[in-house]
Every structure is written in C-alpha cells, then in structure tokens.
Amino acid sequence: SSGINAEWPLRPGRESGAKLRFYDLRGEGVKIQVMANASMAEQDFEAIHSRVHRGDVIGCRGVPGKTKKGELSIIPKEVEILTPCLHMLPTLHYGFKDKETRFRQRYLDLIMNEDVRQRFYTRAKVINYVRKFLDSMGFLEVETPMMNMIAGGATAKPFVTHHNDLNMDLFMRVAPELYLKMLVVGGLDRVYEIGKNFRNEGIDMTHNPEFTCMEFYMAYADYNDLMDITEELVSGLAKSITGSYKVEFTPMGAEESVIIDFTPPFRRIKMIPELERITGVKFPPADTFHTEEARQFLDELCAKHEVECSAPRTASRLIDKMVGEMIEVQCMNPTFIIEHPQIMCPLAKYHRSEKGLTERLELFVATKEICNAYTELNDPFVQREQFEKQAVDKAAGDDEAQCIDENYCVSLEYGLPPTGGFGMGIDRLVMFLTNTYNIKEVLLFPAMKPEEAKAEDAKPDES
C-alpha cells in the first residue's frame, strides 16, 4: 500500500452513486485524483465521506490505480480528515482574483492561485542565485544592525523607534552601507549583506516601507568594475530564471507587453550631458552646483520644462526630478545612468577627471531603478564636508538628507582602501522577472492600510 498526506485544499469532484466518490488532492504544486470506492474501504464509507468538504486537509492510505479514462488515481482504503476547513473556499471556476483581498489574505491566495505560489519560488531562486554569484567571487556574507543611533547610508526618511532601557530614540536602518564599509576598513575586503531596509516614505506600485536589498563592498574596485559585475550578475540572473536574455514585461496600464533585453553590454548615459542635450541649455560647472546661483538656474529650468518639485527645492532635488522626467523614462532596456553630481552623492567618490561629479552609476530597467553603485569616498576630510552640506539641506527642511556620522568618519581615518560599493533592490528585480508591475505581488505580506482606516476614507464628506 502507499499513503499520501496533502496539505492542500480538497476539491470535491463528482459522485457516481452512493458507493463511488471522486476528489482532487492538491499539494506541493501537483494534483492527484482520489477515487474513493466503497468496495475498497476499510471504514464506514458514508460516515467519513459525508464529512469531507472542499479545503479540508486529508490523509489517504490506499493503492494506486487508474480510472476508466486512464487517469492515475489513489484508491483509498482509509481516509482521515487531518484538518477541517471551516470556511467556504472560492470555487476554482470563479477563482480568487480581487487584489485587495488577495494581499490581505495571502494564505488563501496561495491556496487558490498556483501562479502566485510559483512567483515566490522564483523569488527564492533569485536570492539564491545572487548569493551563489557573490560567494563564487570570494565575498563573505555578514549581518549588520537593524537599529542605529544615526540614520545613515542613504538619502531617505527613517522610521523612529524607542529603546526603553537606554531611554533613547533609535532609527530603523535605511541602508547597511556604513557598517559594511567599516568592515572593509577592518580588512574584510569583500563583504555583502542581503536583508531588510526600512524607509518611512510613500507606498505605491514600486515602493514598500520595508524592502529587501543586497549590498556588497569590494576593495580595490571602482565604478567601471562595478558596471562589469552588474552586467554579468543581472544578465546571468535573467537568463537563469527565464531561460533567455529577453524577458516579457507588461508595464502598468499598458495593453501590450514589451520585451526587455538583458543582453550585455548595457547602454550608458552620462547624466549632466544628457540633461544638457534634452534641455538645449548649458549647465553651470558641476563644482558650483552647491551655490545659490546654480540652484536658481536649476529652479528656473524646472519651471520652464514644467518639472514639479516640492519644497525644499534644493539643487540635488531639482536635478533628481529632472532626471526622473527626462532620462529615466528612456530606460526600458537595462540602462546605466552615470556620473552624478557630488551634491546628490555624499558617500560617493569625486570623479577622477570631472570636477563636481562622482563615479556613480544607477541601473534602470523598465524606467525603474534596481541598482545603485559607486566608487566609495574614502577621504575622511572630504566625507565630513559632504556630511556638513547634507546637514545644511536637512536644516532647510529636507528630512531625507543624511546626518553627520562621526563614528564612520573616524573609521575612515584608519584607512578605507579604494573600494567599490553596490546596492540592488531584490523586490523590483523579481517584479521584472515575473512580469508583475505591483511590488505587492512579490511580497508575501505587503504593507496595507488598515481596513478601518480604509472604510473611514470611503465615507462621504457630510460637510
């Protein structure tokens, strides 16, 4: 005899008289039919089968066999209800499609929709591929703190929590960057971390307050090396997961899908020359972007081209908004945007030949950023200057600007080797490789507005 235990909803099939019942058992991504025949049963046939309902988890002990149509089936001698389902499952004919309900009841979504289950298997394969890729290059996987006294490592608004014993506020990390570079100072030349980051920002189709990111730091590498590694990693990952460099993707609101070509090498766009080409205007020298005159120039240019930028209208925010409106929209196939101004990159190393610029790159796919990398700034004196400029922006009302991290600056004084640093959003990459435009589709339990608040928002305004 053989036994089967399937932790999967039972789908009642047809009855062929009082002595014959058909069920579908689904588990571990497969389906098998149960053909319950009273003549084979070693128990009260009617008593057990009158209590079996769709969704129940059952165990069968019996023998394999075939129906008259030749379908492989289990012919049970004994059937036991292991766990009853106390709710009526949606029928397979109509399915379980409402997105809001699917995200809130992910367990039911996984029960009903095989494509959703496969998406999360793919997500696990993506993370596994990235880990093996870095391990093969001699990187060491490490873990760094999730709570910090200073929110550093990225330009983002942090979440604040409170430590009762220390009686002090702490910040949930926005990025592990500064800790990882301290490890390179300590002699761990190749380190990486895959983990959660937290940013207190808006929720939309491509943003979630907590998200999974991979960052690595590699001593004696620069941004040219990083571009080569990025091309090898991302193109190899796309081919490993989908079987081809060309991946089908349907952008939000589009009626037809597009083909994203991950074949290396990727296109490279220099940021400031491209903005000059699009606007038809010569920009001030990049090493003057921190001045009020340059800020005023950028402010007027944004107004002329109807590029919206909320307060504070700092030079870095104005440039960032123009890039989003003018350059990022070109990046359907994987495209590097490179050589950002220093005012946008307080942790990136200044360009070796272009004053005011940095050796930084961002990789965009389907107009969305998935990678950010640069040659790391390893001069403690310049680093303090960059932090101080960020502090000025923070005082002006930019709550995403970074604070001065004195502990990190001191670590640089012990000597950070020339280093390349890289960060990649796992969630967005999985979106593109599974043809989903909503980040909630690739997170098992995405952030959702409470249903009570949602109901309040839906009430009519009595005034």
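In the block above lies the structure referred to throughout.
Residues numbered from 1 in each chain as written. Predicted model: local features only at pLDDT ≥ 70, side-chain atom pairs only at ≥ 80, totals over all residues. Heavy atoms only, no water.

1. A short note on the overall build of the chain
No. 1: Assigned secondary structure in the chain consists of 13 helices and 19 strands.
No. 2: Overall, the chain is about 90 × 65 × 55 Å in size when its C-alpha atoms are taken along their principal axes.
No. 3: If you take every contact in the chain between residues at least 6 apart in sequence, the share linking residues at least 24 apart comes to 63%.
No. 4: In the structure as shown, the chain presents an accessible area of about 23300 Å², 51% of it carried by carbon and sulfur atoms.
No. 5: With 55 positive and 73 negative side-chain charges, the chain shows a spacing of 8 Å between the two charge centroids. (Helix = DSSP H or I, 4+ residues; strand = E, 2+ residues; numbered from the N terminus. Contact = heavy atoms within 4.5 Å. Areas by Shrake-Rupley, 256 points an atom, 1.4 Å probe, with all protein chains shown as cover. Lys, Arg positive; Asp, Glu negative; His and termini not counted. Charge placed at Lys NZ, Arg CZ, Asp CG, Glu CD.)

2. So, the sheet that holds strand E8 (residues 147–148)
No. 1: The three strands are arranged E8-E10-E9 in an open sheet whose pairing can be described as antiparallel. Every other strand in the sheet has two partners, leaving E8 and strand E9 (160–163) as the edge strands with one partner each.
No. 2: Looking at chain direction, E9 and strand E10 (residues 168–172) are connected through four bridges and run antiparallel. Paired with His162 across the bridge in E10 is Asp169. (Pairing = 2+ DSSP bridges.)

3. So, helix H8 (residues 292–304)
No. 1: The end-to-end C-alpha distance of H8, which contains 13 residues, comes to 18 Å, matching closely the 18 Å that a straight helix rising 1.5 Å per residue would cover.
No. 2: Within the sequence span of H8, burial applies to Ala294, Arg295, Leu298, Asp299, Leu301 and Cys302. With its buried residues spanning 165° around the axis, H8 presents them on a single face. In H8, those exposed residues whose orientation departs by more than 90 degrees from the buried face are Glu293, Ala303 and Lys304.
No. 3: Residues of H8 that are buried sit in contact with helix H7 (271–279) and helix H9 (315–326).
No. 4: With its phi angle positive at about 55°, Glu306 sits one or two positions after the end of H8. (Expected span 1.5 Å × (residues − 1). Buried < 20%, exposed > 50% of the residue type's maximum accessible area, 1.4 Å probe, protein only. Arc of directions from axis to C-beta.)

4. With respect to the side chain of Thr122
No. 1: On the secondary structure map, Thr122 appears in helix H4 (residues 114–136).
No. 2: Among all residues touching Thr122, those that are not within four sequence positions of it are Ile241 and Thr434.

5. Comments concerning the pattern of salt bridges
No. 1: Scanning the model with the defined rule gives 27 salt bridges in all.
No. 2: Here Arg61 makes a salt bridge to Glu42, at a shortest N to O gap of 2.8 Å. Taken together, the residues span a long stretch of sequence, with Arg61 in strand E5 (residues 57–66) and Glu42 in the loop between strand E4 (30–37) and helix H1 (45–49) at a distance of 19 residues.
No. 3: Accessibility expressed as a relative area gives 30% for Arg61, which makes it partly exposed.
No. 4: Residue Glu42 is classed as exposed on the basis of its relative accessible area of 54%.
No. 5: Notably, a salt bridge pairs Arg173 with Glu193, separated by 3.0 Å at the nearest N-O pair. Here the residue Arg173 occupies a position in the loop between E10 and helix H5 (177–185), and Glu193 occupies one in strand E11 (residues 190–198), the gap between them amounting to 20 residues. Note on accessibility: Arg173 and Glu193 belong to one class, buried.
No. 6: A single salt-bridge network, built from bridges that share partners, covers Arg102, Arg106, Asp109, Asp115, Arg119 and Glu441. (Salt bridge = Lys/Arg side-chain N within 4 Å of Asp/Glu carboxyl O.)

6. Some words on the nonpolar core
No. 1: Val130, Leu134, Met214, Phe216, Leu361, Phe422 and Met424 are the most contacted members of the largest nonpolar core, which has 45 residues in total.
No. 2: The element contributing the most residues to this core is helix H6 (residues 223–242), with eight residues.
No. 3: In contact with Leu361, not counting residues within four places along its chain, are Tyr223, Leu226, Met227, Phe336, Ile337, Ile338, His340, Cys371, Asn372 and Ala373. (Core = buried A, V, L, I, M, F, W, Y, C linked by side-chain atoms within 4.5 Å.)

7. Some words on unusual backbone geometry
No. 1: Of note, the amide linkage connecting Pro264 to Pro265 takes the cis form, showing an omega dihedral of 0°.
No. 2: If you trace the backbone, Pro265 turns up in the loop between strand E14 (258–261) and strand E15 (267–270).
No. 3: Cis geometry is found at the peptide bond from Ala311 to Pro312, where omega equals -5°.
No. 4: Relative to the elements of secondary structure, Pro312 occurs in the loop between H8 and H9.
No. 5: Even without being glycine, Glu339 reaches a positive phi, approximately 60°.
No. 6: Looking at the secondary structure, you find Glu339 in the loop between strand E16 (335–338) and strand E17 (360–365).
No. 7: The buried category is assigned to Glu339, whose relative accessible area is 7%.

8. Points about H6
No. 1: Taking 1.5 Å of rise per residue, 20 residues should cover 28 Å, and H6 covers 28 Å from first to last C-alpha, within 8% of that figure.
No. 2: When H6 is considered as a whole, its buried residues turn out to be Tyr223, Leu226, Met227, Ile229, Thr230, Glu231, Leu233, Val234, Ser235, Gly236, Leu237 and Ala238.
No. 3: Measuring from the backbone nitrogen of Asn224 back to the side-chain oxygen at the start of H6 gives 3.0 Å, which picks out Asp222 as the cap.
No. 4: Just past H6, the residue Gly243 takes up positive phi, approximately 90°. (Polar contact = N/O pair within 3.5 Å; in protein donor to acceptor, adjacent residues only side chain to side chain.)

These figures capture arrangement, not role.
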